[in-house]
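One letter stands for each residue in the lines below.
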Amino acid sequence: MRFVDEFREPELLRGQLEEIRRIGFRASFMEVCGTHTMAISRAGLRPLLAGRVELVSGPGCPVCVTSEADIGRAIALAGLEGVTLATFGDMMRVPGPQGTLSEAASRGAAVKVVYSPLEALRLAREDPGRRVVFLGVGFETTAPAVAASLLTARRDGVGNFFVLSLHKLVPPALRALLEMEDFAIDGFLLPGHVSAVLGARAYSFLADEYGVPGVVAGFEAADILRALCMLMEMKRGGKASVAVEYTRAVREEGNPRARAVMEEVFEPADAEWRGLGIIPASGLQLREEFRPHDAGAWEVESPAPAGDRGCRCGDVLCGRIRPPDCPLFARACTPESPVGPCMVSTEGTCASYYLYDFREGEGHVG
Amino acid sequence: MCLAVPAEVVELMEDGLALVEIGGVRKQISLMLVDDAEIGDFVLVHAGFAIEKVDAEEARRTLEILEEYAHLDETGPGLYA
Ligand code: SF4
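Being a predicted model, the structure only gives us computed values, none of them experimental.

**Some words on the site of the ligand**
In the vicinity of the ligand, the residues found are Cys311, Arg312, Cys313, Val316, Cys326, Leu328, Phe329, Cys333, Val339, Gly340, Met343 and Cys350 of chain A. Taken together, the residues of the shell around the ligand break down into ten nonpolar, one polar and one charged.

Right, here's the structure in full:
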C-alpha cells in the first residue's frame with residue numbers, strides 16, 4: 001500500500017485529507033472515469049479515505065462498457081475477406097461471444113493495432129485494394145478524433161476507409177444511473193478529458209434536475225482530493241452545482257471546435273452499454289451523408305452473446321459491487337487471463353483494483 | 001477514461017499536422033480540433049489529435065505522473081496511449 005508521504009506534495013495532500021475529515025460526514029461519490037479509477041487506486045486513496053468518503057467506480061472505461069454483441073460484430077467484420085480491422089490495443093483481448101479479436105487474428109483475420117484513427121486512415125491510403133475498418137470506441141474525448149479522420153478521408157477521396165462507430169456519450173449514461181432505483185450516490189467526480197471537449201455546462205442537469213453535485217477533476221491525487229473537498233462543501237451547504245477543479249484543461253464551454261467536428265460526422269443513436277442496457281441517444285452513429293464510410297451498415301452475421309461466464313462487470317460498472325465482490329476476481333480472472341473487459345483494459349475497474357488495491361495473501365486493502 | 005497527454009508543439013507542418021514533444025519523444029499529431037495552436041503552446045493529445053490547449057507549467061506537472069502509466073499497459077497501445 002502506498003502511504004501519503006510517498007506523494008510528491010505530502011503536505012498538501014495531508015492538508016486535503018484533514019480538510020475532508022474536518023468537513024465531517026460520510027459520503028459516497030462516484031468517479032465516472034476509468035482514468036480517475038486508476039489514479040485513485042494508484043495513489044492508494046481508497047483506504048486513506050475509509051470512514052469518510054467511499055469512492056464508487058462508474059461506467060467510465062469505453063472498452064468495458066462495449067456490449068458483447070458489439071464485440072462479436074467487430075470480430076465478424078475482421079473475418080471478412082479483403083478487410084483489415086484497425087483498433088486501439090485494449091480491444092484486442094476483450095472476450096466476445098466467440099473469443100477475442102486477438103484470437104481471430106491468430107486464426108488469420110487481418111487486425112492491426114493503431115494509436116490513432118489517422119494511422120488507420122494511412123493503412124487505407126497505402127493499400128487501396130483492401131477495406132480498412134476503424135473500430136471506433138471511446139467517449140467524447142475520442143469521437144472528435146475519429147470524426148476528423150473521416151472528414152479527412154472524405155476530403156481526400158479515400159473510399160476504402162470505414163468506421164464501425166461504437167462511441168458512447170457520457171451525460172446520457174449519468175442520467176441512466178440516476179434513474180436506477182437502487183442508485184444512491186452523493187455526487188459525481190466528473191471526467192477531465194471528456195469535459196475538455198464537452199465543457200462543464202453539459203452536466204448542469206445533474207444539479208438542476210437531480211439535485212446532485214458534480215466536480216470535473218484532473219488526474220493527480222491532489223486534484224482528486226480537492227474535487228472531493230469541493231463536493232463535500234457543496235453537500236454540506238445543501239447546494240448542488242457543477243464546478244470545475246481541472247481548470248488547467250477544462251473550460252465551461254469545452255472545446256466548441258472539437259464538438260462541431262464530432263457533430264458534423266455523427267448523430268446520437270440508441271446504444272447498448274454493458275451493465276446499463278440500451279440507453280436512448282447515448283451512442284453515436286454516422287450521419288446519412290457518411291453512410292458510404294459506415295461499416296455499421298454492412299450485413300454481417302455475428303454470433304449471439306455467449307452464456308453467462310460468471311463475470312459481474314455489469315454490476316461493477318453500475319457501482320453495485322466492487323471488483324473483489326466478484327467471485328472470479330483474482331482467482332479465475334486476472335489481467336493475464338481476464339474473464340471480462342473490466343480486467344482487460346488498463347483503465348478497467350477490476351484491473352485497477354487488481355494492480356493497486358489488492359495484495360496477494362493480504363486480500364483487499366481498500 | 002480517455003487519458004490525454006500534455007505535449008509541447010515544436011513544429012507546425014502541412015495539412016494541420018504538427019510535431020509535438022511528449023516526455024522527450026517527438027510525435028506527429030493533428031491540430032485539426034484546436035484553434036490556432038502555435039509553436040511553444042502545450043496541447044492535450046489524445047489518439048493522435050490535440051483536443052485542447054493547456055497551460056504550459058501545469059502541463060509539465062501532469063506529464064510526470066503520466067510517465068508511470070506508460071509501462072503498465074502490456075497489451076500494447078490502448079485508447080490511452
Ligand atoms: S473480476 Fe473479472 S469476472 Fe469479475 S467482474 Fe471483474 S472482469 Fe468480470
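**Some words on the interface of chain A and chain B**
The interface is formed by 56 residues belonging to chain A together with 36 residues belonging to chain B. A combined buried area of about 3900 Å² lies between chain A and chain B, and 58% of that area is made up of carbon and sulfur atoms. Between Arg251 of chain A and Glu52 of chain B there is a salt bridge, and its shortest N-O distance comes to 3.0 Å. Linking chain A with chain B are ten residue pairs in polar contact (both at pLDDT 80 or more). Those elements that place two or more of their residues in the side of chain A that touches chain B are helix 2 (34-42), helix 4 (62-65), helix 7 (117-126), helix 8 (143-155), helix 10 (192-198) and helix 13 (256-265) of chain A. Among the elements that make up the side of chain A that touches chain B, the one with the highest residue count is helix 8 of chain A (seven residues). Per-class residue counts for the side of chain A that touches chain B are 29 nonpolar, 15 polar and twelve charged.

**Quick look at the confidence of the model for chain B**
All names here are of chain B. On average, residues of chain B score 79 in pLDDT, and 73% of them are at 70 or above. Counted against residues more than four places away or in other chains, residues 69-81, with its pLDDT under 50, gives 40 contacts. Scored as a whole, the predicted complex attains pTM 0.90, and scored at its interfaces, ipTM 0.89.

**A closer look at the sheet that holds strand 8 (residues 214-216) of chain A**
Residue and element names in this part refer to chain A. One open sheet holds the five strands; their spatial order is 2-1-7-8-9, and the pairing between them is parallel. In the strand order of this sheet, the two ends are held by strand 2 (53-57) and strand 9 (242-244), each with one partner. Strand-to-strand twist of the sheet, defined as the mean angle between neighbouring strand axes without regard to direction, takes the value 25 degrees.

**A short note on the pattern of salt bridges**
Residues and elements named next belong to chain A. Enumeration according to the criterion identifies 26 salt bridges over all chains in this entry. Ionic pairing is found between Arg320 and Asp182, a salt bridge with its closest N-O pair at 3.3 Å. Of this pair, Arg320 sits in the loop between helix 14 (313-317) and helix 15 (341-344) while Asp182 is found in the loop between helix 9 (170-179) and strand 7 (187-190), placing the two residues 138 residues apart along the sequence. In this structure Arg320 comes out as partly exposed when scored by relative accessible area, which is 40%. Residue classification places Asp182 among the exposed residues on the basis of a relative accessible area of 54%. We note a salt bridge from Glu267 to Arg287, for which the minimum N-O separation is 3.4 Å. Here Arg287 lies in the loop between strand 11 (277-286) and helix 14 and Glu267 lies in strand 10 (residues 266-273), a separation of 20 residues in the sequence. With a relative accessible area of 24%, Glu267 lands in the partly exposed category.

**Thoughts on the packing of helix 2 of chain A against helix 16 (residues 349-357) of chain A**
Residue and element names in this part refer to chain A. Between helix 2 and helix 16, the shortest axis-to-axis distance is 9 Å and the interhelical angle comes to 15 degrees. Here helix 2 is positioned roughly parallel relative to helix 16, judged by the angle of their axes. Read as a crossing pair, helix 2 and helix 16 show a hand that is right-handed. Here Thr37, Met38, Ser41 and Arg42 of helix 2 lie close against helix 16, whose contacting residues are Thr349, Ser352, Tyr353, Leu355, Tyr356 and Asp357. A class-by-class count of the residues in the contact of helix 2 with helix 16 yields four nonpolar, four polar and two charged.

**Notes on the pairing of strand 5 (residues 131-136) of chain A**
Residues and elements named next belong to chain A. In terms of residue burial, strand 5 counts as a mostly covered element, since five of its six residues are buried. Two elements, strand 5 and strand 6 (residues 161-165), share five bridges in a ladder whose sense is parallel. Counted as the bridge partner of Val133 is Phe162 from strand 6.

**What about helix 7 of chain A?**
Looking only at helix 7 of chain A, the buried set comprises Pro117, Ala120, Leu121 and Ala124 of chain A. When helix 7 of chain A is viewed along its axis, its buried side chains cluster within an angular range of 100 degrees and face the same direction. On its buried face, helix 7 of chain A sits against strand 3 (83-87), strand 5, helix 8 and strand 6 of chain A together with strand 5 (49-54) of chain B. Structurally, the start of helix 7 of chain A carries an N-cap: the backbone nitrogen of Leu118 of chain A is 3.0 Å from a side-chain oxygen of Ser116 of chain A.

**Description of the side chain of His46 of chain B**
Residues and elements named next belong to chain B. Mapped onto the elements, His46 comes out in strand 4 (residues 42-46). Using a relative accessible area of 0% as the deciding quantity, one classes His46 as buried. A distance of 3.0 Å separates the side chain of His46 from the backbone oxygen of Leu3, its partner in a polar contact.

**Some details on the side chain of Asn255 of chain A**
Take Asn255 of chain A: it is sitting in the loop between strand 9 and helix 13. In this structure Asn255 of chain A comes out as buried when scored by relative accessible area, which is 2%. At 2.9 Å, the side chain of Asn255 of chain A and the backbone oxygen of Leu33 of chain B are in polar contact. Apart from residues no more than four positions distant in its own chain, Asn255 of chain A is found in contact with Ala196 and Val197 of chain A together with Leu33, Val34, Ile51 and Glu52 of chain B.

**Here's the deal with the packing of aromatic side chains**
The description of an aromatic ring pair rests on the distance of the ring centres and on the angle between the ring planes. Residue and element names in this part refer to chain A. What the rule picks out here adds up to seven aromatic pairs over all chains. Ring plane angle 90 degrees and centroid distance 5.4 Å describe the contact between Phe88 and Phe134, whose orientation is recorded as edge-to-face. In this pair, Phe88 is assigned in the loop between strand 3 and helix 6 (101-106) and Phe134 in strand 5, connecting sequence segments 46 residues apart. For the ring pair Phe162 and Trp298, a centre distance of 4.9 Å and an interplane angle of 70 degrees mean the geometry is edge-to-face.

**Overview of the nonpolar core**
All names here are of chain A. By size, the foremost hydrophobic cluster in this structure holds 122 residues, and its most contacted members are Phe161, Leu174, Phe188 and Tyr203. The leading source of residues in this core is helix 8, at eight residues. Setting aside residues up to four positions removed in sequence, Tyr203 forms contacts with Val170, Pro171, Leu174, Leu190, Pro191, Val194, Ser195, Leu198, Val216 and Val242. Grouped together as the second largest cluster of nonpolar side chains are 28 residues, Leu49, Leu189, Ile224 and Ala227 included.

Conventions adopted
Residues numbered from 1 in each chain as written. Chains lettered and ligands numbered in written order. Predicted model: local features only at pLDDT ≥ 70, side-chain atom pairs only at ≥ 80, totals over all residues. Heavy atoms only, no water. Near = heavy atom within 4 Å. Nonpolar A, V, L, I, M, F, W, Y, C, P; charged D, E, K, R; others polar. Contact = heavy atoms within 4.5 Å. Buried area = accessible area lost by both parts, 1.4 Å probe. Salt bridge = Lys/Arg side-chain N within 4 Å of Asp/Glu carboxyl O. Polar contact = N/O pair within 3.5 Å; in protein donor to acceptor, adjacent residues only side chain to side chain. Helix = DSSP H or I, 4+ residues; strand = E, 2+ residues; numbered from the N terminus. pLDDT = per-residue confidence, 0-100. Pairing = 2+ DSSP bridges. Axes fitted to C-alpha atoms, helices over the stretch in contact; angles between N-to-C directions. Buried < 20%, exposed > 50% of the residue type's maximum accessible area, 1.4 Å probe, protein only. Parallel < 35°, antiparallel > 145°, perpendicular 65-115°, else oblique. Left-handed = near helix turned anticlockwise from the far one by under 90°. Arc of directions from axis to C-beta. Phe/Tyr/Trp six-rings, centres within 6.5 Å; stacked < 30°, edge-to-face > 60°. Core = buried A, V, L, I, M, F, W, Y, C linked by side-chain atoms within 4.5 Å.

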